[in-house]
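Below are the chains, spelled out letter by letter.
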Amino acid sequence: MPFFNDSDELGTVMRELWVTIADDSSISSPLLSSKLIVRFHYKEPDGQITIDCSDGENMVIEWGDCEKQPVVEMFMQADVAHKFWMGQVNVPMYLLNGKMVAKGPVNKALALLPAIKPAFKKYPSVVRTTLNRDL
Amino acid sequence: MKLNSFIFNCPTRVMFAEQESASIASYAEDLGIIKPLLVSDRGLVENDVLRPVIESLTDSGIPYETFYDVPPDSDIDCVNKAAEFAREKECNSIIAVGGGSVLDTAKVVNLCLNQGSDLLANQGLNILHEKLSPFIALPTTAGTGSEVSFVAAIKDLSEKRKLVFGSRFLAPDLAILDPTLLLSLPGKLTAATGMDALTHAIESLACSVTQSPLTEIISIEAMRLLFEHLPRATRNGDDLDARAGTLVASTMAGIAFTNSGVGIIHALAHATGALFKTHHGLTNAIFLPHGMRFNKQESCQVFARAARSLGYADRQNDDTACDILIGKVEELMESISIPPRLRTIGVPAMEGELLEHWSELVLEDPSIMFNPRYATTEDVIDLYKRAY
Ligand SMILES: [Fe+2]
């Protein structure tokens, strides 16, 4: 059974998670200095979120349709995203077996993975506050 | 020992035989090749390396078009020109005869023929979902493993970066391994490309989260063939058995690394090559012993298994067996006259902003993600200093 019951749940969690990341400069500053616009596309339930770091100072987070042209796009099942934020995804393996698809100049985006890892700790409490569900 | 989850693909049929390139037409019908684009480079054409392929196609009445303008380090312009030409001439398939640059170019041309010409929109990992046009690869070097790998890298001259394409659908349908195609390869290039293959084998062995018993056994056998045949092929280019050994080894190492990844040594070599245009295989070779030592704390067991399986170690503990293997790599390098230092291949003494920029390139190279040991900026700078 998928972790997220519908797109609303997925959107609520992802938005809140990225707002939490944006508020923590120790995590957000390396992402901002990349100046990338990254879009994550999710399936089952469907949804997309765009993280715009292009001005280098503020992270703009948009859930759903968004006109911005992303530099890098990542495609995955929503359950893969859930597992990723739980710290349970072996990213190299998922890139080899195709469970994660990366479109665009992947170098810069993949290089940010170590920077993003501290956010894994924040994920359970984001899920608890938004969905009232313990992990 | 707990096994990793793994996935293993080898979508490419591999045919090995001396003179097999002269029978290429016999594979055409089976693969649906009606009118291929023959992709190669000028040097190979001048050395008459393509003759058996051309004769076979001509004798069988298979019409073909030619694109021989692939440069040593291929770029977007070259791919676009070749793809446009293939479209104009209504080619339905590709036959590529060459080293890594030719084979990578052919892969991306095939991508363009099927997905449209916007290369920037098609770069990335796993974005293809279906088979491309029929594609035969005939390697003329024993190094890159591109004839079986799922990746291709093409230079974007305007942005001074490489576009990376990765998908199992990029792999050729058939790789014809004909060691006679390697006979004109000079000793220096034989040595350097062979060390690229050895680096693929050793790094794929070390990729602790993605390697599998399948890639391990293939890597170790590739190493065995290279340790045995590379010195001979380098010393005497006409030694067909040695050519065959290195060629099969490089394909095996290609199968191994495309299924498990490469690591920090390739990341170091990619960054160094991007800034100073050093030869990929040579640069890998110089970083190889240093990278193995860096990874030793994570890879000691697997390196020791390889050393024992190759007959270099017996009852020594893992630590000693691992050191023996690294020593064997250094001996091999010496025996084929690979310079041990970066400074002798044109890499300058780096410091300040240049060193910082170089280390950023190393750390953002996708290969580093597969490395068993996490590397910091200080680590890669230390590796540079050791190799310099
Ligand atoms: Fe390589």
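To start, this report covers the structure provided alongside it. (Residues numbered from 1 in each chain as written. Chains lettered and ligands numbered in written order. Predicted model: local features only at pLDDT ≥ 70, side-chain atom pairs only at ≥ 80, totals over all residues. Heavy atoms only, no water.)

### Quick look at the pattern of salt bridges
All names here are of chain A.
- The final tally for this structure, using the stated rule, is 23 salt bridges over all chains.
- Across the pair Lys122 and Asp24 runs a salt bridge whose closest N-O atoms are separated by 3.0 Å. Of the two residues, Lys122 sits in the loop between α6 (113–116) and α7 (123–131) while Asp24 sits in the loop between α1 (7–23) and α2 (25–34), which places them 98 residues apart along the sequence.
- By relative accessible area, Lys122 is classed as partly exposed at 23%. (Salt bridge = Lys/Arg side-chain N within 4 Å of Asp/Glu carboxyl O. Helix = DSSP H or I, 4+ residues; strand = E, 2+ residues; numbered from the N terminus. Buried < 20%, exposed > 50% of the residue type's maximum accessible area, 1.4 Å probe, protein only.)

### Examining the coordination of the iron ion
Residues and elements named next belong to chain B.
- At 2.2 Å from the iron ion lie its protein donor atoms, namely Asp196 (OD), His200 (NE2), His266 (NE2) and His280 (NE2).
- Relative to the metal, the 4 donor atoms surrounding the iron ion lie at angles of 86 to 171°, and the coordination shape comes out irregular.
- All donors of the iron ion belong to a single chain; written as a sequence motif, their spacing is D-x3-H-x65-H-x13-H. Within this pair, whereas Asp196 is found in helix α7 (residues 187–206), its partner His280 is found in helix α11 (residues 280–309), the two being separated by 84 residues in sequence.
- Accessibility expressed as a relative area gives 3% for Asp196, which makes it buried. (Donors = N, O, S within 2.8 Å, 3.2 Å for Na, K, Ca; no water. Tetrahedral: all angles 85-135°; square planar, octahedral: opposite > 155°, others 65-115°.)

### Concerning the layout of surface pockets
- Looking at the second largest pocket, its volume works out to about 1100 Å³.
- Around the second largest pocket sit 38 residues that line it, and Leu110, Ala111, Leu113 and Pro114 of chain A together with Tyr374 of chain B are the ones nearest its centre.
- For the lining of the second largest pocket, the elements supplying multiple residues, two or more each, are α2, α4 (91–97), α5 (106–111) and α6 of chain A together with α13 (352–363) of chain B.
- Broken down by class, the residue content of the lining of the second largest pocket amounts to 22 nonpolar, 10 polar and 6 charged. (1 Å grid on protein atoms, 1.4 Å probe; cavity = no way out; pocket = protein on both sides within 12 Å on 5 of 7 lines; lining within 4 Å. Points joined across faces, edges and corners; volume = space filled by probe spheres on them. Nonpolar A, V, L, I, M, F, W, Y, C, P; charged D, E, K, R; others polar.)

### Some words on the packing of aromatic side chains
- Evaluation of the coordinates by the stated rule reveals 10 aromatic pairs over all chains.
- Between the aromatic rings of Phe84 of chain A and Trp85 of chain A, the centroid separation amounts to 5.0 Å while the plane-to-plane angle is 80°, which identifies the pairing as edge-to-face. Comparing Phe84 of chain A with Trp85 of chain A shows no difference in burial state: the two are buried.
- Relative to Tyr384 of chain B, the ring of Trp358 of chain B lies with its centre 5.5 Å away and its plane at 55°, an arrangement referred to as tilted. Within this pair, whereas Trp358 of chain B is found in helix α13, its partner Tyr384 of chain B is found in helix α14 (residues 377–387), the two being separated by 26 residues in sequence. (Phe/Tyr/Trp six-rings, centres within 6.5 Å; stacked < 30°, edge-to-face > 60°.)

### Details of the packing of α11 of chain B against helix α12 (residues 318–335) of chain B
Residues and elements named next belong to chain B.
- Between α11 and α12, the shortest axis-to-axis distance is 7 Å and the interhelical angle comes to 135°. Taken together, the axis directions place α11 and α12 in an arrangement best described as oblique. Considering how the two elements wind past one another, α11 and α12 form a crossing that is right-handed. (Axes fitted to C-alpha atoms, helices over the stretch in contact; angles between N-to-C directions. Parallel < 35°, antiparallel > 145°, perpendicular 65-115°, else oblique. Left-handed = near helix turned anticlockwise from the far one by under 90°.)

### Describing the interface of chain B and chain A
- The interface of chain B with chain A comprises 22 residues on the first partner and 22 residues on the second.
- The contact between chain B and chain A buries some 1800 Å² in all, and 68% of this surface belongs to carbon and sulfur atoms.
- On the chain B side of the contact with chain A, Asn126, Glu364 and Met369 of chain B bury the most area, a combined 31% of that side's loss.
- Inspection of the region where chain B meets chain A yields 0 salt bridges. (Contact = heavy atoms within 4.5 Å. Buried area = accessible area lost by both parts, 1.4 Å probe.)

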